[in-house]
Amino acid sequence: MSGTNYKFEGWLGLDKSSAEGNMVWGEFEPKTWEETDIDIKIECCGICGSDIHTLRSGWGPTQYPCCAGHEVVGTVVRAGSQVEGGIKVGDRVGVGAQSDCCRNRTDKECKICAEGKYNYCRVHHVGTYNGVYLNGGKSYGGYATYQRVPSFFAVKIPDEIPSSFAAPMLCAGVTTYAPLKFHGVGPGKRVGVIGLGGLGHFGVMWAKALGADQVICISRSSSKKEDALAMGATGFIATAEDPEWLAKNRSSLDVVLCTASSSDMPFNEYLCLLDLDGTFIQVGAPDEGLPQIQQYALIFNRIKLTGSLIGSPEDIRDMFQLAVEKKVEPWVKEISMKDANQAILDFEAGKPRYRYVLKNEDYTPVATKL
């Protein structure tokens, strides 16, 4: 199908029921080759909540068949004559949640791309799966053997970071790193992280790595308290176990990163954790939307309510550098790619501590082309 001596095969969602552990293994046609492209032999791919949302059409109609997975790590087996970023055959690279955007290659001017904020492109944003490239080809993700992507959105992975650590950094990692960095988290800041899941555990570790004075993990129960403290949290709030949690912690934080993806969380109470001029960053995206927001916390504390979307290739490079310098190591469990259906069920059931990574068992590195 692809004109290569290797096949593009992966776990395909054919309809909404695929999110219930009903993906099927099959061959797919990658985008038509362009000389700016690379083909990647996939070593591993993290499982992200976005995969489940998309497989079940939770964020809008999905273009089935869909091969999910946007935390992709592997080695380059083919590189076009016009690849970007100095990538060559044999390089170990990662691809996150975005695999292309307009980059001002259409007849519409894109100020955002001109400023290098590619993850916010409004003209033609292409997700790593369930998207359509400028040449009309469809994007397929990393629950697969091989992937074809534009080289611009592939990032070389530092030798110091193992592949199974790098994979979840490509979405969960940069989705939490980028807003914390952008909003000035560092020495002198008091940071709260709501939810200790795949995103939240990164939020705690990044806040610590960036030098925040306080890192407070906020969860419903204290079942993950010891884990949070081991990750670098300096405090823990269990909202379902302490009726006085808000009274004890009101106006105590400068930045709150909310990774929870729930439509019934105590959102307005969370806002009240912020001090004057505090910033509340929402990165969780529940299918049913956020709870209704009351205005008073915003008004009386001049709170900034904002969000953040993944990260640019440069954000990913910066994040990797911080991970190397501060020895940030995500908590992951490796699972065989063949068990992907059970893995997404376990993921949805909240079993990961704290990220699952699918591994291709027959993967062997590709020799570097000198």
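This text follows the structure it describes.
Conventions we followed
- Residues numbered from 1 in each chain as written.
- Predicted model: local features only at pLDDT ≥ 70, side-chain atom pairs only at ≥ 80, totals over all residues.
- Heavy atoms only, no water.
- Helix = DSSP H or I, 4+ residues; strand = E, 2+ residues; numbered from the N terminus.
- Expected span 1.5 Å × (residues − 1).
- Buried < 20%, exposed > 50% of the residue type's maximum accessible area, 1.4 Å probe, protein only.
- 1 Å grid on protein atoms, 1.4 Å probe; cavity = no way out; pocket = protein on both sides within 12 Å on 5 of 7 lines; lining within 4 Å.
- Points joined across faces, edges and corners; volume = space filled by probe spheres on them.
- Nonpolar A, V, L, I, M, F, W, Y, C, P; charged D, E, K, R; others polar.
- Contact = heavy atoms within 4.5 Å.
- Axes fitted to C-alpha atoms, helices over the stretch in contact; angles between N-to-C directions.
- Parallel < 35°, antiparallel > 145°, perpendicular 65-115°, else oblique.
- Left-handed = near helix turned anticlockwise from the far one by under 90°.

Novice: Would you mind showing me how to read helix H4 (residues 198–209) here?
Specialist: Residues lying three or four places apart along an α-helix face the same way, a consequence of the helix completing one turn every 3.6 residues. For H4, built from twelve residues, the straight-helix expectation of 16 Å at 1.5 Å per residue is met to within 8% by its first-to-last C-alpha distance of 17 Å. A large share of H4 lies buried, amounting to eleven of its twelve residues. When H4 is considered as a whole, its buried residues turn out to be Gly 198, Leu 199, Gly 200, His 201, Phe 202, Gly 203, Val 204, Met 205, Trp 206, Ala 207 and Ala 209. Gly 211 occupies a position one or two residues after H4 and carries a positive phi of about 95°.

Novice: Explain empty space enclosed by the protein to me, please; I cannot follow it from the model alone.
Specialist: The probe, sized like a water molecule, is rolled over the atoms to show the empty space still left. As enumerated under the stated definition, the model contains two cavities of 30 Å³ or more in all. Reported here for the largest cavity is a volume of approximately 70 Å³. Lining the largest cavity we find Gly 96, Ala 97, Gln 98, Phe 153, Leu 170, Val 174, Ile 310, Gly 311, Pro 313 and Ile 316. When contributions to the lining of the largest cavity are tallied by element, the ones reaching two or more residues are helix H3 (163–182) and helix H9 (313–326). Taken together, the residues of the lining of the largest cavity break down into seven nonpolar, three polar and no charged.

Novice: Whenever I open this one, the side chain of Asp 254 confuses me. Can you help?
Specialist: Mapping Asp 254 onto the fold places it in strand E13 (residues 253–258). Here Asp 254 falls in the buried class, since its relative accessible area comes to 18%. With residues up to four places along the chain from it excluded, the contact list for Asp 254 reads Gly 188, Lys 189, Arg 190, Leu 274, Gly 278 and Thr 279.

Novice: Teacher, can you tell me more about the packing of H3 against H4 here?
Specialist: Packed helices, taken two at a time, are described by their axes: the angle between them and the distance between them. The interhelical angle for the contact between H3 and H4, taken along N-to-C directions, is 50°, at an axis separation of 9 Å. With respect to each other, H3 and H4 are oriented oblique. The hand of the H3/H4 crossing is right-handed. Here H3 contributes Pro 168, Met 169, Ala 172, Gly 173, Thr 175, Thr 176, Tyr 177 and Leu 180 to the contact with H4, which in turn contributes Gly 198, Leu 199, Phe 202, Gly 203, Trp 206 and Ala 207. Its residues assigned to classes, the contact of H3 with H4 shows nine nonpolar, five polar and no charged.

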